[in-house]
Each structure stands twice: as C-alpha cells, then as structure tokens.
Amino acid sequence: MMPPDHNMADAEQGCGRRLRNAREAAGLSIEDVATRLRMPVRVVESLEAEDWNRLGAPVYVRGQLRSYSRLLGLSTATMQAVVGVAPVEPVALVPRTYVPRMRIVAEQFAKRLVYAVITVAIALPVWLATRPHLATQGAASASLDMPVVSTAGQPGAPAVARPRQPVPLVASMAPVAQRAGSATAALELRLVDDSWVEITGRDGQVIEHSLLRAGNTRSFVVGDVGGMVFGNAAAVELRLNGARQDLAPLLRANVARFTVSSDGSLVPAGR
C-alpha cells in the first residue's frame, strides 16, 4: 500500500487548522498573534475556528485572514480560496449625463444678460427721477461758488465779506484689504494592497464606497471629508499634506474607522 500523500492531506485541511498548525510550528500563542496583528484575541480564535459569523462582513474576513496568513508565511491566495468567502464586488459606477461646453457657456451668458437687464430696469427709473433734482442742486451750488468782488478799497463802500469756499468731500476709494485665504489641507490615500474604502463628507453623504486595488490613489480636501473607513487598514497609506499618518491608534481588528476634523486631525469613530 502506498503511503498517504501529505501534501494532499494538507490541502484538504480547513483554513483554521492550517493557521493553527502554522502558529504552533512558529511557537506563537494566540495572545502573541493578537498582539502582533493588533487584533482582539476573539478574532484570532474565530479565524482558527472558522467561525466567520463572528467576524462580520466578508470584506473584514478577507482582510483579517490576509494579515494572519502573511504573519505565518502562508499564501494569502490559497488561504482565501480555502475559506470560500466571496470577493467584494466593486460598486458599479453610473456615468453622469454629458453636457456640451457650448451649452454651459450659453447658460452662463444668459444668466449674466438677465442680471444686466434687471440692473438697468431698476437703475434707469431712479436716475430719471433724480435728474431734475440734481440739476437744480447743481445750479444753486454754481451761484454760491461765483467769486465776490471786494469793494473794501473804494471810498464810502461797505466792506463785504468774501464767502468761504466750500471744502469738497471726497469719498475714499481705497480698496478694502482682503484676508489671505488659509492653505487648503489635502488628504491622500495610497493602496499597497486591496482594501475596501468608504469616504463620507461632512454632510453625511458618501463620497466613495468601493474596493480599491493595490496601486490606486485618491486625494481629498480636508474640509470636504467627515469620516473614513478602511477594511484592510494595513494596506492603506494615509498622508496629510505629504506627511504619513499613524493609523495604529485607530485600528480595531485591522479595520480603521475614524472622523476627520477641520484641521486634519484623525479621531476614532464613536469618541
């Protein structure tokens, strides 16, 4: 009788059993693995017991399984094929309706034309109504500004005081100083491996909700971002104005969930 094929027997082993055997062969305890991966002990135990219901959505299972397999030197592709968790399908992007540039220019011109017509319709009656009054006021001012001939040197003529010329009031035309705009901070994502990403704005609307592949990058303005969630945080590099941010304080089972303040600081969700 031929001896049993150990490679085939190992291939028939479950995902959890492979993880446990590899961990024991490496001389690591469950607590050691949890510490190195920054995972709760219950997550490590659930992976070895193949209790996927305790780990949440499939995207979390795949991310946690990938991290555990890499720690033990196992093939992540083989482990994910054994576990049988369906891959996350990217969100179907629906293209918006294309608007020709000439149409946009025509709409802008029409808006400006309407604004100009409304301005003329309001200003013209006001100008016509105040024109006679301004003409009368100008004639009176001209009569007051006529020079007075002094008769002080003539004998028997009374002294007449020359009226003081009015000092014109000139409105200041100095421009109002403009405040310099503050520099706009930028957040940049760079994927070193596949990860599910969700970005929400400050109004609660979803900006992006998809599975990003390794090598993808995304950039956002800090003022537009309210919160972020990374399904596989180990695969995401987050930079603020070029400076890499530490996601370790934000991790829970390799999932980073946090809010972004107006100055760009990261706060764990729920605080």
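The coordinates are above.
Residues numbered from 1 in each chain as written. Predicted model: local features only at pLDDT ≥ 70, side-chain atom pairs only at ≥ 80, totals over all residues. Heavy atoms only, no water.

### Regarding the nonpolar core
Okay, so step 1: One finds L189, I199, M228, F230, L238 and F258 to be the most contacted residues of the largest nonpolar core, which totals 22 residues.
Okay, so step 2: Of all the elements in the fold, those that place two or more residues in this core are strand 1 (186–191), strand 2 (195–201), strand 5 (225–230), strand 6 (236–240) and strand 9 (255–260).
Okay, so step 3: Filtering out sequence-adjacent residues up to four positions away, I199 remains in contact with L189, Q205, V206, I207, E208, F220, V225, G227, M228 and F230.
Okay, so step 4: Among the nonpolar cores identified, the runner-up in size contains 19 residues, and A22, L37, M39 and V43 belong to it. (Core = buried A, V, L, I, M, F, W, Y, C linked by side-chain atoms within 4.5 Å. Buried < 20%, exposed > 50% of the residue type's maximum accessible area, 1.4 Å probe, protein only. Helix = DSSP H or I, 4+ residues; strand = E, 2+ residues; numbered from the N terminus. Contact = heavy atoms within 4.5 Å.)

### Regarding unusual backbone geometry
Okay, so step 1: The residue A253 is not glycine, and still its phi comes out positive at about 55°.
Okay, so step 2: Tracing the chain through its elements places A253 in the loop between strand 8 (251–252) and strand 9.
Okay, so step 3: Not every positive phi belongs to a glycine, and N254 is a case in point at roughly 65°.
Okay, so step 4: Assignment of secondary structure puts N254 in the loop between strand 8 and strand 9.

### Some remarks on the environment of E50
Okay, so step 1: Topologically, E50 is positioned in the loop between helix 4 (41–49) and helix 5 (58–72).
Okay, so step 2: E50 gets classed as partly exposed once you look at its relative accessible area, which sits at 34%.
Okay, so step 3: Linking E50 and G16, residues 34 residues apart in sequence, is a C-alpha distance of 5.4 Å.
Okay, so step 4: Apart from the residues within four sequence positions on either side, E50 is in contact with G14, C15, G16 and R17.

### Focus: helix 4
Okay, so step 1: For helix 4, every residue scored as buried is listed here: V43, V44, S46, L47 and E48.
Okay, so step 2: Count one or two residues on from helix 4 and you reach E50, which has phi positive near 55°.

### So, the pairing of strand 3 (residues 206–212)
Okay, so step 1: Two elements, strand 2 and strand 3, share 6 bridges in a ladder whose sense is antiparallel. Its bridge partner lying in strand 3, T200 is registered against V206.
Okay, so step 2: Between strand 2 and strand 3, which pair antiparallel and follow one another directly, the connecting turn spans 4 residues, one of which, G204, has a positive phi of 90°. (Pairing = 2+ DSSP bridges.)

### Re helix 3 (residues 30–37)
Okay, so step 1: Taken residue by residue, helix 3 has I30, V33, A34 and L37 as its buried positions. Down the axis of helix 3, the sector holding all buried residues measures 100°, keeping them to one side. Residues T35 and R36 are exposed on helix 3 and point more than 90 degrees away from its buried face.
Okay, so step 2: Elements that come into contact with the buried residues of helix 3 comprise helix 2 (15–25), helix 4 and helix 5.
Okay, so step 3: Residue R38 follows helix 3 closely and has a positive phi angle near 60°. (Arc of directions from axis to C-beta.)

### Section: the sheet that holds strand 1
Okay, so step 1: The 4 strands lie next to each other as 4-1-6-7, forming an open sheet whose pairing is antiparallel. In the strand order of this sheet, the two ends are held by strand 4 (217–221) and strand 7 (243–244), each with one partner.
Okay, so step 2: Two strands pair when backbone bridges link them, and strand 1 and strand 4 are joined in this way by 5 bridges, in the antiparallel orientation. Within the sheet, the bridge partner assigned to E188 lies in strand 4 and is S219.

### Brief notes about the pattern of salt bridges
Okay, so step 1: Applying the stated rule across the entire model yields 9 salt bridges.
Okay, so step 2: The closest approach of N and O atoms between D193 and R66, which form a salt bridge, is 3.7 Å. Of this pair, D193 sits in the loop between strand 1 and strand 2 while R66 sits in helix 5; the two residues are 127 residues apart in sequence, bridging distant segments of the chain. The residues D193 and R66 share a single accessibility class, namely buried.
Okay, so step 3: When the shortest N-O distance is used, the salt bridge between R244 and E237 registers 3.5 Å.
Okay, so step 4: By relative accessible area, which is 53% here, R244 ends up exposed.
Okay, so step 5: Residues joined in a network through salt bridges with shared partners are R66, R70 and D193. (Salt bridge = Lys/Arg side-chain N within 4 Å of Asp/Glu carboxyl O.)

### As for the environment of V267
Okay, so step 1: Here V267 lies in strand 10 (residues 266–268).
Okay, so step 2: Judged by relative accessible area, V267 falls into the partly exposed class, the value being 29%.
Okay, so step 3: V267 sits 40 residues away from G227 along the chain, and the two C-alpha atoms are 9.1 Å apart.
Okay, so step 4: Beyond its immediate chain neighbours, meaning those up to four positions away, V267 contacts L250, F258 and T259.

### Quick look at the packing of aromatic side chains
Okay, so step 1: With the rule as written, the count across this model stands at 1 aromatic pair.
Okay, so step 2: Measuring from centroid to centroid gives 5.7 Å for F230 and F258, while their planes differ by 80°, and the two rings are edge-to-face. Of this pair, F230 sits in strand 5 while F258 sits in strand 9; the two residues are 28 residues apart in sequence, bridging distant segments of the chain. Like F258, F230 is buried. (Phe/Tyr/Trp six-rings, centres within 6.5 Å; stacked < 30°, edge-to-face > 60°.)

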